[in-house]
Number of protein chains: 2
Amino acid sequence: MFTVDIHSHFFPKLSRSQGKLLDSNHGPWLEIRKNGKGMIMTGASEFRPVYDACWNAERRIEEMDRCGVDVQVVCATPLLFGYSKPPKIAHDWAEMINDMAVDLCSENSSRLKPMAQVPLQDVDLASRLVTKAKADGHVGVQIGNHVGDHDLDHPHLIEFLQHCAREDMPILVHPWDMLGNERMNGYMLKWLVAMPAETQLSILSLILSGAFEQLPMNLKICFAHGGGSFAYLLGRVDNAWEHRDIVRKDCPNVPSSYIDRFYVDSAVFSLEALRLLTDVMGDRRIMLGTDYPFPLGEKEMSSLLRSHPEFNESQKLRMLGLNASEFFSIDFH
Amino acid sequence: MFTVDIHSHFFPKLSRSQGKLLDSNHGPWLEIRKNGKGMIMTGASEFRPVYDACWNAERRIEEMDRCGVDVQVVCATPLLFGYSKPPKIAHDWAEMINDMAVDLCSENSSRLKPMAQVPLQDVDLASRLVTKAKADGHVGVQIGNHVGDHDLDHPHLIEFLQHCAREDMPILVHPWDMLGNERMNGYMLKWLVAMPAETQLSILSLILSGAFEQLPMNLKICFAHGGGSFAYLLGRVDNAWEHRDIVRKDCPNVPSSYIDRFYVDSAVFSLEALRLLTDVMGDRRIMLGTDYPFPLGEKEMSSLLRSHPEFNESQKLRMLGLNASEFFSIDFH
């Protein structure tokens, strides 16, 4: 079954001095260690242990072959977004990272497809870079789910989304810069609690604010990690919309009626959660996503979806690859 | 089928001057309006529209009869916790609210069971008040899921939980004082996004910190709103525990193995979510909870659980009442 992983990351071989282009003290870079291991660093601090699949196309293809993944869409990681930096610096940085993504994917261009990043703090620069990235071969753009206190319903971000729709550039929304930081020291709680809340917040910001009413139907937008807590909590949201005027005041239709306006990936890590996600979103709105090759990714890429006892072949065909073909308007074969 | 709602709220007829006992500017009180309507106020500001079921036992019984709810466990609401106040003030306030709960429930003591609150910022005062509340007829104690930056794994809070276990006093953990406040203006996002994240955070704080290893097996603890996002995101947490040393360092067993250490209520507002909750937690760990009579509660109390097409009679018997009988050690009949 043709299989496309739409949510995978790379981390380029950034030197410490390259990292300083973004931040002179805490710039992100890669310390390559022995035996294919490495450490993502921020300045002098260790950020996350990784291995060579982050920067080595050959290793990726090996693992994709092992797991039966035909194509991977490859994007950077939120640590590299630079949204808090001056726009011009973030723009030039994004261009450099985007070129590195193209380089990595050019090693096997039928199997690896690059996705760009943009300086989302500046809608004009970000929009121009989307246009350029598309011309350079990027199949989509990854954005963070918010810029400072601005969620996706902020006028500037709506303008950016409208630009992407005009350019027919698909968007992957990735949670980052997690709320409740001060309450989540240790145990990766920021990734386990706050990330799924961030993603739910950004979907709800589009629904409840009425932003979807201003966005064209052809906008292609996908939320990472199965849309975070969104699908599970949708009943709570619908109930609130029914019973509180302040919930529905800017949202003309019941929240669950907006599920045909966006996609989610399948990175939810349990059969029960993936079943609920499919029950709520439908099998046309879910695309395989693994979060590979990071520690919290799916180790046996695609196995959760592929082995699900409650999905039939046609559902698997859709979620493993067909939906991705439509989302990216690419015949991957 | 005998039906016990373990998560319902009351709001006593507090006058504005009584509210000032807790906070001279923003003290909570009840403005009773026409036709059985009311407004929970904080000082001069409107906080939440309510109706007389909040303070009128007769009205509650009418609605319980209509919905087939035999017994309701009734607790205050987080607005009344007072955890940020001086301990003595919060203690005396809690005593007053607890007495009001007993008064309300005494109007129909076989149908209405009071649950106490305590000044959780002071473990000694809180523990003493638990003992007194039990003697006064409270069947359990409601606590907030954190006190400032202290989650349930803080040594003081573990000590409190241990005291409750010794006293055989069941606990309902209610989310409150929501994280990410500054990002959630409007649309009740604090209730829709941050509350379920708070509850997940507090369950994970007990699991990942190793706190459950220090707590006795007979501790009776239940988390509101189906445990927030916990059940849906448990696969993500297990995957993180498997693959990151920093997630498992204080937690000797895989997170999903701790689901027999706590209960959740059923207030999830969708058939899909309730099914997932039951798949993950099992039908012995879920008790009917409605969040009645607040605007985000279940209007047709117990109907979601009662009408679920995928539950058999024995599962419904357990979740509608039998589990609650065991949890509270009460033969409600």
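Figured I'd write up the structure that's included with this text. (Residues numbered from 1 in each chain as written. Chains lettered and ligands numbered in written order. Predicted model: local features only at pLDDT ≥ 70, side-chain atom pairs only at ≥ 80, totals over all residues. Heavy atoms only, no water.)

1. A short note on the packing of helix 8 (residues 230-243) of chain A against helix 10 (residues 271-281) of chain A
All names here are of chain A.
Line of reasoning, step 1. In contact at an axis separation of 9 Å, helix 8 and helix 10 are set at 55 degrees when each is read in the N-to-C sense. Classed by the angle they form, the pair helix 8 and helix 10 counts as oblique. In contact with Phe-230, Ala-231, Tyr-232 and Leu-234 of helix 8, helix 10 contributes Leu-276, Leu-277, Val-280 and Met-281.
Line of reasoning, step 2. In the contact of helix 8 with helix 10, the residues fall into eight nonpolar, no polar and no charged. (Axes fitted to C-alpha atoms, helices over the stretch in contact; angles between N-to-C directions. Helix = DSSP H or I, 4+ residues; strand = E, 2+ residues; numbered from the N terminus. Parallel < 35°, antiparallel > 145°, perpendicular 65-115°, else oblique. Contact = heavy atoms within 4.5 Å. Nonpolar A, V, L, I, M, F, W, Y, C, P; charged D, E, K, R; others polar.)

2. Some thoughts on the pairing of strand 10 (residues 171-174) of chain B
All names here are of chain B.
Line of reasoning, step 1. Burial of the side chains of strand 10 extends over both faces: Ile-171 and Val-173 are buried on one face and Leu-172 and His-174 on the other.
Line of reasoning, step 2. In the sheet, strand 7 (residues 140-144) pairs with strand 10 via four bridges, with the strands oriented parallel. Opposite Val-141, over in strand 10, you have Ile-171 as the bridge partner.
Line of reasoning, step 3. Sheet analysis places strand 10 next to strand 11 (residues 221-223), joined by three bridges and oriented parallel. Paired with Ile-171 across the bridge in strand 11 is Ile-221. (Buried < 20%, exposed > 50% of the residue type's maximum accessible area, 1.4 Å probe, protein only. Pairing = 2+ DSSP bridges.)

3. Points about the interface of chain B and chain A
The accessible area lost on association of the parts is a frequent measure of interface size.
Line of reasoning, step 1. Every contact between the two is made by 60 residues of chain B and, on the other side, 60 residues of chain A.
Line of reasoning, step 2. Interface area lost by chain B to chain A is led by Arg-183, Tyr-232 and Arg-236 of chain B, which between them contribute 20%.
Line of reasoning, step 3. Applying the counting rule to chain B against chain A returns six salt bridges.
Line of reasoning, step 4. Residue Arg-275 of chain B is joined to Glu-310 of chain A by a salt bridge in which the shortest nitrogen-to-oxygen separation is 3.3 Å.
Line of reasoning, step 5. At the surface where chain B touches chain A, the tally comes to 16 residue pairs in polar contact (both at pLDDT 80 or more).
Line of reasoning, step 6. Among the secondary structure elements, those contributing two or more residues to the side of chain B that touches chain A are strand 4 (45-51), helix 6 (189-208), helix 8 (230-243), helix 9 (245-248) and helix 10 (271-281) of chain B.
Line of reasoning, step 7. Of the residues forming the side of chain B that touches chain A, the biggest block, 12 residues, is contributed by helix 6 of chain B.
Line of reasoning, step 8. The residue inventory of the side of chain B that touches chain A, partitioned by class, reads 30 nonpolar, 15 polar and 15 charged. (Buried area = accessible area lost by both parts, 1.4 Å probe. Salt bridge = Lys/Arg side-chain N within 4 Å of Asp/Glu carboxyl O. Polar contact = N/O pair within 3.5 Å; in protein donor to acceptor, adjacent residues only side chain to side chain.)

4. Some points on the sheet that holds strand 5 (residues 71-75) of chain A
Line of reasoning, step 1. Read from one edge to the other, the open sheet built from eight strands follows the order 1-5-6-7-10-11-12-13 (chain A), with strand pairing classed as parallel. Of all the strands in the sheet, just strand 1 (4-9) and strand 13 (286-287) of chain A have a single pairing partner and so form its edges.

5. Some remarks on the nonpolar core
Among soluble globular proteins, nonpolar side chains are generally buried collectively.
Line of reasoning, step 1. Counting residues in each nonpolar core, the largest one holds 156 residues, and the members touching the most others are Ile-143 and Phe-160 of chain A together with Ile-143 and Phe-160 of chain B.
Line of reasoning, step 2. Excluding its chain neighbours within four sequence positions, the residues that come into contact with Phe-160 of chain B are Val-118, Leu-120, Val-123, Ala-126, Ser-127, Val-130, Val-141 and Ile-143 of chain B. (Core = buried A, V, L, I, M, F, W, Y, C linked by side-chain atoms within 4.5 Å.)

6. Some details on the pattern of salt bridges
Line of reasoning, step 1. The final tally for this structure, using the stated rule, is 37 salt bridges over all chains.
Line of reasoning, step 2. With a shortest N-O distance of 3.5 Å, Lys-132 of chain A and Glu-95 of chain A are connected by a salt bridge. Of the two residues, Lys-132 of chain A sits in helix 4 (residues 123-135) while Glu-95 of chain A sits in helix 3 (residues 87-106), which places them 37 residues apart along the sequence.
Line of reasoning, step 3. Using a relative accessible area of 34% as the deciding quantity, one classes Lys-132 of chain A as partly exposed.
Line of reasoning, step 4. By relative accessible area, Glu-95 of chain A is classed as partly exposed at 22%.
Line of reasoning, step 5. Residue Asp-250 of chain B is joined to Lys-249 of chain B by a salt bridge in which the shortest nitrogen-to-oxygen separation is 3.2 Å.

7. Concerning the pairing of strand 4 of chain B
Each regular strand carries side chains that alternate between the two faces of the sheet.
Residues and elements named next belong to chain B.
Line of reasoning, step 1. Both strand 3 (residues 37-42) and strand 4 contribute to a ladder of six bridges, which runs antiparallel. Note that in strand 4 the partner of Ile-40 across the bridge is Arg-48.
Line of reasoning, step 2. In sequence, strand 3 turns back onto strand 4 through a hairpin of two residues, with Gly-43 there showing a positive phi of about 60 degrees.

8. Regarding the side chain of Arg-60 of chain A
Residue and element names in this part refer to chain A.
Line of reasoning, step 1. Relative to the assigned elements, Arg-60 resides in helix 2 (residues 57-67).
Line of reasoning, step 2. Among buried Asp, Glu, Lys and Arg side chains, Arg-60 stands out as unpaired, with Asp-5 the closest opposite charge at 6.2 Å.
Line of reasoning, step 3. At 3.0 Å, the side chain of Arg-60 forms a polar contact with the side chain of Ser-8.
Line of reasoning, step 4. With sequence-adjacent residues up to four places away left out, Arg-60 is seen in contact with Ser-8, His-9, Phe-10, Ala-53, Cys-54, Gln-72, Val-74, Leu-104, Leu-112, Tyr-292 and Pro-293. (Lys, Arg positive; Asp, Glu negative; His and termini not counted.)

9. Side note on the relation of the copies chain B and chain A
Line of reasoning, step 1. For these two chains of identical sequence, chain B goes onto chain A by a turn of 180 degrees and a shift of 0.0 Å along the axis, with RMSD 0.0 Å. Here the symmetry operator amounts to a two-fold rotation axis. Of the C-alpha atoms belonging to chain B, the one lying closest to the rotation axis is found on Gly-180 of chain B, 2.6 Å away.
Line of reasoning, step 2. Mapped onto chain A, 100% of the interface residues of chain B are again interface residues, and the two copies thus contact each other with one and the same surface. (Least-squares fit on C-alpha atoms with pLDDT ≥ 70 in both.)

10. Structural notes on the state of the cysteines
All names here are of chain A.
Line of reasoning, step 1. The final tally for this structure, using the stated rule, is zero disulfides over all chains.
Line of reasoning, step 2. With no disulfide of its own, Cys-222 has Cys-75 as its nearest cysteine by sulfur position, at a separation of 10 Å.
Line of reasoning, step 3. Of the residues examined, Cys-222 reaches a relative accessible area of 1% and is grouped as buried. (Disulfide = S-S within 2.5 Å.)

11. Focus: the packing of aromatic side chains
Residues and elements named next belong to chain A.
Line of reasoning, step 1. Enumeration according to the criterion identifies 21 aromatic pairs over all chains in this entry.
Line of reasoning, step 2. Pairwise contacts between aromatic rings join Phe-212, Phe-223, Phe-230, Tyr-258 and Phe-262 into one cluster.
Line of reasoning, step 3. Over the ring of Tyr-263 we find Arg-285, and its NZ or CZ is 4.4 Å from the ring centre. (Phe/Tyr/Trp six-rings, centres within 6.5 Å; stacked < 30°, edge-to-face > 60°. Lys NZ or Arg CZ within 6 Å of the ring centre and 35° of its normal.)

12. Focus on unusual backbone geometry
All names here are of chain A.
Line of reasoning, step 1. A cis amide bond links Tyr-292 to the next residue, Pro-293, at an omega of -5 degrees.
Line of reasoning, step 2. Despite not being glycine, Met-188 shows a phi value in the positive range, around 55 degrees.
Line of reasoning, step 3. Counting through the fold element by element, Met-188 comes out in the loop between strand 10 (171-174) and helix 6 (189-208).
Line of reasoning, step 4. A relative accessible area of 8% means that Met-188 is categorised as buried.
Line of reasoning, step 5. Phi at Asp-291 is positive, roughly 65 degrees, even though this residue is not glycine.
Line of reasoning, step 6. Relative to the helices and strands, Asp-291 is located in the loop between strand 13 and helix 11 (303-306).

13. A look at the environment of Arg-248 of chain A
All names here are of chain A.
Line of reasoning, step 1. Its location among the elements puts Arg-248 in helix 9 (residues 245-248).
Line of reasoning, step 2. Arg-248 sits 40 residues away from Leu-208 along the chain, and the two C-alpha atoms are 6.8 Å apart.
Line of reasoning, step 3. Every residue in contact with Arg-248, bar those within four places of it in the chain, is listed here: Trp-241, Glu-242 and His-243.

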